[in-house]
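# Breakdown of the fold
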Amino acid sequence: MPRLSFGTWVEDAVDWLQSNLTWIFDFIKTVLGGMYDGVNAVLGGGEPLLVAGIFAVIAFWLRGVIPAVATFVGFALIDSLALWDEAMATLSLVVVAAVITIVIAVPTGIWAARNNRVSSALRPVLDVMQTMPAFVYLIPGVMFFGVGVTPGVIATIVFAMPPGVRMTELGIRQVDSELVEAAEAFGTTPKHTLTRVQLPLALPTIMAGINQVIMLALSMVVIGGMAGAGGLGEKVYAAITQLQVGLAAESGIAVVILAMYLDRMTGALNERVSPLGRRAAAKVAAGARRLKFAHYKPGTAVAMTGVVVLALVAGGLNIAGSADSKTEQADSANVGKGQKINMGYIPWDEGIASTYLWKEILEQRGYETGITQLDAGPLYSGVARGDIDFQTDSWLPTTHKDYWDKYSDQLDDLGAWYGPTSLELTVPSYVKGIDSLEDLKGQGKKFDGKIIGIESSAGMMGTLNKKVLKEYGLEGEYEVVSSSTSSMLAELNASIKKKEPVVVTLWSPHWAYGKHDLKKLKDPKGAWGKGEEVHTVAHKGFAEKAPAVAKWLKDFKLSEKQLTSLENEIQNAGQGEEQDGVRNWLKKNPGLVDKLAPVPGGAGGSQQGKDAGKTVNMGYFPWDEAIASTYLWQNMLEDRGYKTSVKQLDPGPLYTGLAQGQLDVQFDSWLPTTHKDYWNRYKENLTDLGAWYGPTSLELTVPSYVKGIDSLEDLKGQGKKFDGKIIGIESSAGMMGTLNKKVLKEYGLEGEYEVVSSSTSSMLAELNRSIKKKEPVVVTLWSPHWAYGQHDLKKLKDPKGAWGEGEQIHTVAKKDFAKDFPELTGWLKDFKLSEAQLASLEVEIQKGGAGKEKESARRWMDANPDVVAKLAPVGS
C-alpha cells in the first residue's frame, strides 16, 4: 500500500495554526499562566508549617484527628526534604488543571447522559484522549504555548478529562429509572429532575470520577516537568536523566504524600456533599464504641475559623518577609533591579556547570533567575519563543545543527565561550587492542554488539549513525543504544567496576576522563569532523531586554582548566546542590564574578567621587546628541555621588544661563560655526572644556528615491519638485543662518526656495511623512544623526564648500566651573565618544521614547559596563 502521510498532514495543520491563530494561543497561555500564578502565590507564599497546618485542619474537618496528624507529618516531611516550593508548584498545577477539567467534564458527562447521539460521538474521542501516549500531547503543547506551565496544564487536562466525563455519564444513567419516572409523573421539569433527583443520587459516582481526574492530573507531573512546568516533575525528570537515585526517592516520596492527601480528601469530601455519604458516615460514627475521639470531626464553622486564622498568620509573616527582602535588596548592589532572567539547560555537565554559574552571577548582580532542565528539542523551541532567555550549551556547528537550522531566524548567537571540543567513542584503558575506530571492526562480540549512546536528539548521535559507522564499516555489526548522558555514564561506571569491555559516546572536555582511565579512539578518517565550539544562544531581542547580561555573555570565556574544575566541584557538591558547588568554586577563584559580569563602571562603578554631594546644574537644547550626552552624564554623576538637575532650553537662554552662572555646564556647543554668535557674545563668561566629538558636517539631505538630485548644484531649477521649500530647524540655529546667508546665495537658490523654520522634531516629522508617501523633500540635517540609520537618505554634495568645514562638539561651562568642580573638570576635559558609541546611545534613547531618556541612557551604560570607570575614573 502507498505510504499514508498522516504525520505530514498533522505537521501542516500545526504550522497553519501557529501562523494564523497565535493570538488565541497567547490568550490561553495568559489565562492559564495567570490562574497558576495566583494559586501558586497562595499555596507557596506562606510559611510551610503554617500551610501544612491549614492542610491538617482540612483533613481534621473531612476525616478526623488521626488523618489530620498524618497530614501535618507528611507535609512537614516534604518541607524537611527541601521540596516545599516544588510540591506547592505541583499542587498548584494539579488544582488548576483539575478545576478546568471538572468544569468541562461534568457538564459534558451530563449532556452525554441525556443524549445518546452525543454519547456515541464522544466515546471514540474519549478513547483517543485516554489511550494516546501522554507524551504526544506535549509536542503541540510546546509548539503552541512554549515551555512552561501551560503545555503541562493542557496535557494534563486532555489526559485527565475522560474519567470525569465517563463517570458523570455513568452516575446519571445508573439512577433508578423508576425514580426518574416518578419525578416526571409528579410534574417535575427536566431541569429539576436533573438537579433534585439525578445529580444527588449520582453524586458518589461523579465524585469518584473527580477523584480519578485529580489522580490522573497528579500522574502527569513528570511529563509536565519535561515541558518545563517545574515542581516535583522537574525534580523527578532531573533525577531520571542524571541517574540521581537519592533525588528520585525524595521527589517520589513527596509525590506520594501529595497523592495520598488528595485521594483521601476528595474521597472524604463525598461524605460531606452527598446525602448518601453523610448517611454512611453517620452510621460509622454511631457504631464506633472505642476511640470515639478518633472519629470526631469539627463542624464546618470551626474548621473554617482555624483555616482563616492560620492563613492570616501565614500571610502576615509572608508580607513581613517580603518587606525584609526588599530592604535587603535595596541595600545591596543591584544592577538587575529584580529583572527576571529565565535560563534552560540540557543535563550535560558543561550545560549544568555554566548555567548554575550564571545563575549565581546574575543573582549576585540583582537579577531574579528561573532555571529549567529540558531536552534539546523543547529547550531550543523555548528559547526561540522567548519563554527561555538563553542557554549556554549549544554545540555548533555539528551536534545541534538541526536545531540551529530550524530556529536560527528566532535566535541570536552570543558567541562561543569554550572550544574547540571533540566528539569521540571511548573505551576503558584495560580494553587492549582497541585504540582506533578502525580497530572496532570485527570486534562486535567483545562489546555485545552495542555502542552505548546518549540522547537520541543529540546531533552527535546522528553523526555517529549516519557517518562514523558507515565510514568505518561498522553498520550491522554494532547497534547504537540511545539512552541519556547519565545512563551512558552509569553503564560506563558499571562496566569498569566489573572490568567488562564497553564502548561509549563521549566528548572532551568531560569530567569522566579525570575520574576513569579511558582511551579516546582515534579517528584517522576524520569522520567525527572538526572540533566544535560551545555557544551561548538567546532569543531574538534578548540584547534589548537585558543589554548588560547580553554583553557579559558575549564576553564570557572559560578555559578547559576552569571548566573542568567547576564540573568537579559541582560533582563533589552532590545532587541538588549545584549552586553550592558553584559558590565553593567561586570562592577558590576570587575576582572572577567581577571579570565575567563587570558592573557599570567596572570595579569602581559604585565608588564616589571627591566632590560627591555637590549639585551639578546641566542644560540642553533638544538636539539628539545633546539629549544623549546630558543624560549619560546625569547617570554617571549620580553613580559618583553627585546631585544633578537637568533643564531643557533654547540655545539663547541656555548660553545666557551659563554666562550668568545659573547653569553649570552643557555638552552641545557646535563650534566654530553653528554656535559662533553665542560664543562670541558670552565667551568672556564661559569656559570651553574641549571637544568630545568631531568633526561633524552640516548638509541638505533628500531621500534616496529622489533621482537626479545628488549635489546642491542639482537643486537649481528643481524648486517646483520640492514645492519651493527647504524644511529647516530652529531659526536660532547657526546652520540656519549659514543656509540663508551663504549656501542659497552660493548656489543661486535665492528666490526659488523658501527655508521653512520649524524645529528639529517638526523637520523629522515632515521627512518621515514625505518618505511614507514617496514624495520629494529636502531638509536640513547634520552628521552624525540617527535619521541616516532609520531612512535611506542622500547627503547633497557641497563642491563649493559653502557649508564650511566640519565642526567639533564642545563641552561649555560657566566661568568658575573648574574652581567649583575640579574633579568633574578633569573628567570632562578627557570626555570623548566615538561615532559608533554616540550613534548607539542615540538609538537606545530613541527606542526608549520621550520621558525615558535617563532610563535609556542607563540601559546603554549597562551594555557598555566599562564606560563609567573610563569616563569618570575615581583615584585610589
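Because the structure is a prediction, the values reported are computed rather than measured.

### A word on the overall build of the chain
Along the backbone of the chain there are 37 helices and 20 strands. The dimensions of the chain, computed from C-alpha atoms along their principal axes, are 110 × 85 × 65 Å. Taking all 876 residues of the chain together, 50% fall into the buried category. The contacts of the chain with a sequence gap of at least 6 include a subset with a gap of at least 24, amounting to 80%. Carbon and sulfur atoms provide 56% of the accessible area of the chain, an area that totals close to 40200 Å². Between the averaged position of the 90 positive side-chain charges in the chain and that of its 99 negative side-chain charges there is a distance of 4 Å.

### Here we look at the packing of aromatic side chains
Going through the model one piece at a time under the given rule, you end up with 27 aromatic pairs. Ring geometry for Phe55 against Phe75: centres 4.7 Å apart, planes inclined by 35°, an arrangement best described as tilted. Remark: Phe75 occurs in helix α4 (residues 65-80) and Phe55 occurs in helix α3 (residues 48-62); sequence separation between them is 20 residues. Here Phe55 and Phe75 have matching classes, each one buried. Centroid distance Trp358 to Phe556: 5.3 Å. Interplanar angle 85°. Geometry classified as edge-to-face. On the criterion of sequence distance, the pair formed by Trp358 in helix α16 (residues 349-364) and Phe556 in the loop between α23 (547-554) and α24 (560-573) is long-range, its members being 198 residues apart. Accessibility classification places Trp358 together with Phe556 in one group, the buried group. Aromatic ring contacts, followed pair by pair, group Trp633, Phe667, Trp692, Tyr693 and Phe831 into a single cluster.

### With respect to the nonpolar core
Judged by nonpolar contacts, the single largest core of 89 residues is most densely connected at Leu357, Trp358, Phe390 and Phe542. The biggest single contributor to this core is α16, with seven residues. Among the nonpolar cores identified, the runner-up in size contains 86 residues, and Phe621, Leu767, Leu833 and Ala872 belong to it.

### Some details on a nonpolar patch on the surface
Taken together, the side chains of Leu4, Phe6, Trp9 and Val10 define a hydrophobic patch exposed on the protein surface, amounting to about 440 Å² of accessible area. Note that Phe6 resides in helix α1 (residues 6-20).

### Some details on the environment of Leu83
Its location among the elements puts Leu83 in the loop between α4 and α5 (84-114). Given a relative accessible area of 3%, Leu83 falls into the buried group. Separated by 149 residues in the primary sequence, Leu83 and Leu232 place their C-alpha atoms 7.6 Å from one another. What Leu83 contacts, discounting residues up to four positions off in sequence, is Ile78, Leu232, Lys235, Glu250, Ser251 and Ala254.

### Brief notes about the pattern of salt bridges
The tally for this structure, following the rule as stated, stands at 25 salt bridges. When the shortest N-O distance is used, the salt bridge between Lys519 and Asp435 registers 3.0 Å. With Lys519 in strand β9 (residues 518-520) and Asp435 in the loop between β5 (422-428) and β6 (450-452), this residue pair connects regions lying 84 residues apart in the sequence. When the shortest N-O distance is used, the salt bridge between Arg769 and Glu766 registers 2.7 Å. Taken together, the residues span about one helical turn, with Arg769 and Glu766 both in helix α31 (residues 760-773) at a distance of three residues. The partly exposed category is assigned to Arg769, whose relative accessible area is 33%. Judged by relative accessible area, Glu766 falls into the partly exposed class, the value being 26%. Sharing partners across several salt bridges, the network here consists of Lys29, Arg385 and Asp387.

### Overview of the packing of α5 against helix α10 (residues 190-219)
Packed helix pairs are characterised by how far apart their axes lie and by the angle those axes make with each other. Put simply, α5 and α10 touch, their axes get as near as 9 Å, and they point 140° apart. Where α5 crosses over α10, the two elements pack in a sense that is right-handed. Contacts between α5 and α10 involve Thr90, Val94, Ala98, Thr101, Ile102, Val106, Ile110 and Arg114 from the former and Pro190, Leu194, Gln198, Leu199, Ile206, Ile210, Val213, Ile214, Ala217 and Leu218 from the latter. Class assignment of the residues belonging to the contact of α5 with α10 gives a composition of 14 nonpolar, three polar and one charged.

### Looking at the environment of Ile78
In this fold, Ile78 is placed in helix α4. Taking the C-alpha atoms as reference points, Ile78 and Val57, 21 residues apart in sequence, are found 18 Å from one another. Not counting residues within four places of it along the chain, the set of residues in contact with Ile78 comprises Leu83, Trp84, Ala87, Ala254 and Ile257.

### Overview of the side chain of Glu853
With respect to the helices, strands and loops of the structure, Glu853 is situated in helix α36 (residues 853-863). Despite being buried, Glu853 has no salt bridge partner; Lys852 is the closest side chain of opposite charge, sitting 9.0 Å away. Within the local environment of Glu853, its side chain forms a polar contact with the backbone nitrogen of Gly851, the two atoms lying 3.2 Å apart. Beyond its immediate sequence surroundings of up to four residues, Glu853 is in contact with Ile627, Tyr631 and Ile845.

### What to know about the confidence of the model for the chain
Fine structural detail should not be taken from predicted coordinates in areas where pLDDT scores are low. With 90% of its residues at a pLDDT of 70 or more, the chain shows a mean pLDDT of 85. Predicted confidence is poor over residues 321-333, with pLDDT under 50, and the contacts of this stretch with residues over four places away or in other chains come to five contacts. In the model, residues 601-605 has pLDDT below 50 throughout and makes 10 contacts with residues more than four positions away in sequence or in other chains.

### So, the side chain of His535
Turning to its location among the elements, His535 is positioned in strand β10 (residues 533-539). Residue classification places His535 among the buried positions, given a relative accessible area of 12%. Beyond its immediate stretch of four places on either side in the chain, His535 contacts Gln391, Thr392, Asp393, Ser394, Leu396, Asp413, Gly415, Ala416 and Trp417.

### With respect to α4
Under the 1.5 Å per step criterion, the end-to-end length of α4 is 23 Å for 16 residues, consistent within 8% with the ideal 22 Å. Taken together, the buried positions of α4 are Ala68, Thr71, Gly74, Phe75 and Ile78. Viewed end-on, α4 has its buried residues packed into an arc of 130°, placing them on one side of the element. Among the exposed residues of α4, those oriented more than 90 degrees off its buried face are Ile66, Val73 and Ser80. Two residues or fewer after α4 comes Ala82, characterised by a positive phi angle close to 60°.

### Digging into unusual backbone geometry
In this structure, the amide linkage connecting Gly419 to the following residue, Pro420, adopts the cis form with an omega of 0°. Geometrically, the link from Gly694 to Pro695 is a cis peptide bond, its omega value of -5° lying close to zero. Within the fold, Pro695 resides in the loop between β14 (686-693) and β15 (697-703). In this structure, Ala82 takes a positive phi of about 60° despite not being glycine. When you line up the elements, Ala82 lands in the loop between α4 and α5. Judged by relative accessible area, which is 60%, Ala82 ranks as exposed.

### A word on the packing of α3 against α5
At a closest axis distance of 11 Å, the pairing of α3 and α5 adopts a crossing angle of 40°. Taken as axis vectors, α3 and α5 run oblique relative to one another. For the crossing formed where α3 meets α5, the hand is left-handed. Contacts between α3 and α5 pair Pro48, Val51, Ala52 and Phe55 from the former with Trp84, Met88 and Leu91 from the latter. Split by residue class, the contact of α3 with α5 holds seven nonpolar, no polar and no charged.

### So, the pairing of β15
Within β15, six of the seven residues are buried, which leaves the element mostly enclosed by the surrounding structure. Across five bridges, the pairing between β15 and strand β18 (residues 779-783) is antiparallel. Paired with Thr701 across the two strands is Val779, which belongs to β18. When β15 meets strand β19 (residues 793-795), the two strands line up antiparallel, connected through three bridges. Bridging from a neighbouring strand, Thr701 pairs with Lys795 of β19.

What counts, and at which threshold
Residues numbered from 1 in each chain as written. Predicted model: local features only at pLDDT ≥ 70, side-chain atom pairs only at ≥ 80, totals over all residues. Heavy atoms only, no water. Helix = DSSP H or I, 4+ residues; strand = E, 2+ residues; numbered from the N terminus. Buried < 20%, exposed > 50% of the residue type's maximum accessible area, 1.4 Å probe, protein only. Contact = heavy atoms within 4.5 Å. Areas by Shrake-Rupley, 256 points an atom, 1.4 Å probe, with all protein chains shown as cover. Lys, Arg positive; Asp, Glu negative; His and termini not counted. Charge placed at Lys NZ, Arg CZ, Asp CG, Glu CD. Phe/Tyr/Trp six-rings, centres within 6.5 Å; stacked < 30°, edge-to-face > 60°. Core = buried A, V, L, I, M, F, W, Y, C linked by side-chain atoms within 4.5 Å. Patch = residues over 30% accessible without salt bridge, like charges linked within 9 Å, V, L, I, M, F, W, Y side chains within 5 Å. Salt bridge = Lys/Arg side-chain N within 4 Å of Asp/Glu carboxyl O. Axes fitted to C-alpha atoms, helices over the stretch in contact; angles between N-to-C directions. Left-handed = near helix turned anticlockwise from the far one by under 90°. Nonpolar A, V, L, I, M, F, W, Y, C, P; charged D, E, K, R; others polar. Polar contact = N/O pair within 3.5 Å; in protein donor to acceptor, adjacent residues only side chain to side chain. pLDDT = per-residue confidence, 0-100. Expected span 1.5 Å × (residues − 1). Arc of directions from axis to C-beta. Parallel < 35°, antiparallel > 145°, perpendicular 65-115°, else oblique. Pairing = 2+ DSSP bridges.

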